Amino acid sequence: MYDELTRVDIKKMKEELEYRIGVVRPKILEEVKFTRSFGDLSENFEYHAAKRERGKNESRIRYLRNMIKTAVIIDTKSDDDKVGLFDTVTYFSEEDGEEETVRISTSLRRDPFNRIISKESPLGSALMGKKVGDRVEVKISLQDSYFIVIKKIEKGSDDESLEIRKY
């Protein structure tokens, strides 16, 4: 499976990869060497904590390298009247009777706590390509779904303001 990412996603991952290799890795290696000097390794908490940090950093480096290598770069352009990537959409939920607003991004930069959803999420995939006034069914599972009506689309761009997920 390949992740669909934008050029900005790839750029941000390359920047983080460079930072982790050039800055974080040397600091952690120094910490491991320093804490090793504290004595008996079987009871040396600082040494084991430093090794755990090294493992986390190396894991993130492998993840970033793999994501960059296997990503499919996608275009972020969409028609002016249709929902596309990085657009902010206001919709009316028929079930709740309330209006809500979300921004659509790639899975790498989703942040549900700040109403930034992935284009692969049930809501995001239901919204993509739709127009103002469309009544859309959002399928949560094979049995469950709900309907929304698109009220407003504010066109957005891939402006680097959204951070990539750390873990």
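Residues numbered from 1 in each chain as written. Predicted model: local features only at pLDDT ≥ 70, side-chain atom pairs only at ≥ 80, totals over all residues. Heavy atoms only, no water.

## Re the packing of aromatic side chains
And then number 1: Counted under the stated rule, the structure contains zero aromatic pairs.
And then number 2: Over the face of the ring belonging to Phe147 we find Arg135, whose NZ or CZ atom lies 3.9 Å from the ring centre. (Phe/Tyr/Trp six-rings, centres within 6.5 Å; stacked < 30°, edge-to-face > 60°. Lys NZ or Arg CZ within 6 Å of the ring centre and 35° of its normal.)

## Here we look at the pattern of salt bridges
And then number 1: A complete count under the given rule lists 19 salt bridges for this structure.
And then number 2: Across the pair Asp87 and Lys155 runs a salt bridge whose closest N-O atoms are separated by 2.7 Å. Remark: Lys155 occurs in the segment after β7 (145-154) and Asp87 occurs in the loop between β2 (72-73) and β3 (88-93); sequence separation between them is 68 residues.
And then number 3: According to the relative accessible area criterion, Asp87 is buried, its value standing at 0%.
And then number 4: Judged by relative accessible area, Lys155 falls into the partly exposed class, the value being 36%.
And then number 5: A salt bridge links Asp159 to Arg103, with the nearest nitrogen and oxygen atoms 3.9 Å apart. In this pair, Asp159 sits in the segment after β7 while Arg103 sits in strand β4 (residues 98-105), placing the two residues 56 residues apart along the sequence.
And then number 6: The class of Asp159 is partly exposed, set by a relative accessible area of 43%.
And then number 7: Here Arg103 falls in the buried class, since its relative accessible area comes to 17%. (Salt bridge = Lys/Arg side-chain N within 4 Å of Asp/Glu carboxyl O. Helix = DSSP H or I, 4+ residues; strand = E, 2+ residues; numbered from the N terminus. Buried < 20%, exposed > 50% of the residue type's maximum accessible area, 1.4 Å probe, protein only.)

## What about unusual backbone geometry?
And then number 1: For Phe86, which is not a glycine, the phi torsion comes out positive at approximately 70°.
And then number 2: Its place among the elements puts Phe86 in the loop between β2 and β3.
And then number 3: Judged by its relative accessible area of 1%, Phe86 is buried.
And then number 4: The backbone phi angle of Arg115 is positive, close to 65°, even though this residue is not glycine.
And then number 5: Considering the arrangement of structural elements, one finds Arg115 in the loop between β4 and β5 (116-118).
And then number 6: Taking the relative accessible area as the measure of exposure, Arg115 reaches 36% and is therefore partly exposed.

Function cannot be inferred from these measures alone, as they are strictly geometric.
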